[in-house]
Amino acid sequence: QKEVEQDPGPLSVPEGAIVSLNCTYSNSAFQYFMWYRQYSRKGPELLMYTYSSGNKEDGRFTAQVDKSSKYISLFIRDSQPSDSATYLCAMKGSNYKLTFGKGTLLTVNP
Amino acid sequence: KAGVTQTPRYLIKTRGQQVTLSCSPISGHRSVSWYQQTPGQGLQFLFEYFSETQRNKGNFPGRFSGRQFSNSRSEMNVSTLELGDSALYLCASSLLAGDVSEQYFGPGTRLTVT
């Protein structure tokens, strides 16, 4: 079983839709949880960073962590065509190593 | 403030050759991490350098090595290239070692091994 599982999609939604992206993990040592956005031919860009269970909101983005279920989510409200990208979840324990999901390709259609 | 820069952006090499990739971090950042991104394995951590010292290393063979200079610029070297080394190589910089909350990625170097 991989440490981090992420549905690769692709996911296609109409503009204005609510998008839900999810990852599950098996390593209970993970303490820090991140979501990155990666546009084509670019490096990943950190969107959300959290270290506790619960919700964290930043504009149209909400990150949700459920440590008891080993499940994290990213919600995008009022999705825009500019949100079209690959979204990567990543996790980290007390050591240095970031472990990434394989990414979900999202397309928001105008 | 300039972002993380990586050179070259694209590279084509032959099996058995070696390659050196370069990364210039954001000014003032002393930590540089390297990652390999492939469709099959996703993004995987290679190693991290801080103040010219390798702090951490991922699960890659010894053919993958790196170094960091006194100006924080970093190079990554891959010797005896294999077809499976074809990937996007990303570097990321941060002010502090292991600080993923303030880590910024470069655009990557796309390496193709033929």
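Here, the structure is the one placed above.
Here's a quick rundown of the structure.

What counts and what doesn't
Residues numbered from 1 in each chain as written. Chains lettered and ligands numbered in written order. Predicted model: local features only at pLDDT ≥ 70, side-chain atom pairs only at ≥ 80, totals over all residues. Heavy atoms only, no water. Salt bridge = Lys/Arg side-chain N within 4 Å of Asp/Glu carboxyl O. Buried < 20%, exposed > 50% of the residue type's maximum accessible area, 1.4 Å probe, protein only. Helix = DSSP H or I, 4+ residues; strand = E, 2+ residues; numbered from the N terminus. Contact = heavy atoms within 4.5 Å. Pairing = 2+ DSSP bridges. Phe/Tyr/Trp six-rings, centres within 6.5 Å; stacked < 30°, edge-to-face > 60°.

**Description of the pattern of salt bridges**
Residue and element names in this part refer to chain A. Scanning the entire structure with this criterion turns up 7 salt bridges over all chains. Here Glu-45 ties to Arg-37 by a salt bridge, and the two come within 3.1 Å at their closest N and O atoms. In this structure Arg-37 comes out as buried when scored by relative accessible area, which is 12%.

**Remarks on the side chain of Thr109(B)**
Residue and element names in this part refer to chain B. Note on placement: Thr-109 falls in strand 11 (residues 109–113). Of the residues examined, Thr-109 reaches a relative accessible area of 0% and is grouped as buried. For Thr-109, the residues in contact, after removing those within four places along its chain, are Gln-6, Thr-7, Pro-8, Arg-9, Leu-21, Ala-87, Leu-88 and Tyr-89.

**Details of the pairing of strand 9 (residues 85–92) of chain A**
All names here are of chain A. Along strand 9, 7 of the 8 residues are buried, which leaves the element largely enclosed by surrounding structure. Note: strand 4 (residues 32–38) against strand 9, 7 bridges, orientation antiparallel. Looking at strand 9, one finds that Trp-35 is bridged to Cys-89. With 3 bridges connecting them, strand 9 and strand 11 (residues 104–109) associate as antiparallel partners. The residue bridging Ala-85 from the neighbouring strand is Leu-106, located in strand 11. The pairing of strand 9 with strand 10 (residues 98–100) spans 3 bridges and is classified as antiparallel. Looking at strand 10, one finds that Met-91 is bridged to Thr-99. With antiparallel pairing between neighbouring strands as the criterion, strand 9 and strand 10 make up a hairpin whose turn holds 5 residues.

**Details of the packing of aromatic side chains**
Tallying each qualifying case throughout the model produces 11 aromatic pairs over all chains. Here the aromatic residues Tyr36(A), Phe100(A), Tyr35(B), Phe45(B) and Phe105(B) are joined through ring pairs into a cluster of three or more.

**A look at unusual backbone geometry**
For the peptide bond that leads from Gly9(A) to Pro10(A), omega is 10 degrees, which places it in the cis range. When you line up the elements, Pro10(A) lands in the loop between strand 1 (4–6) and strand 2 (11–14). Along the chain, Thr7(B) connects to Pro8(B) via a cis peptide bond; the corresponding omega equals -10 degrees. Positionally, Pro8(B) belongs in the loop between strand 1 (5–7) and strand 2 (10–13). The phi torsion at Arg41(A) lies on the positive side, around 65 degrees, for a residue other than glycine. Locating Arg41(A) in the fold gives a position in the loop between strand 4 and strand 5 (45–50).

Everything listed here is a matter of coordinates, which is why it stays silent on function.
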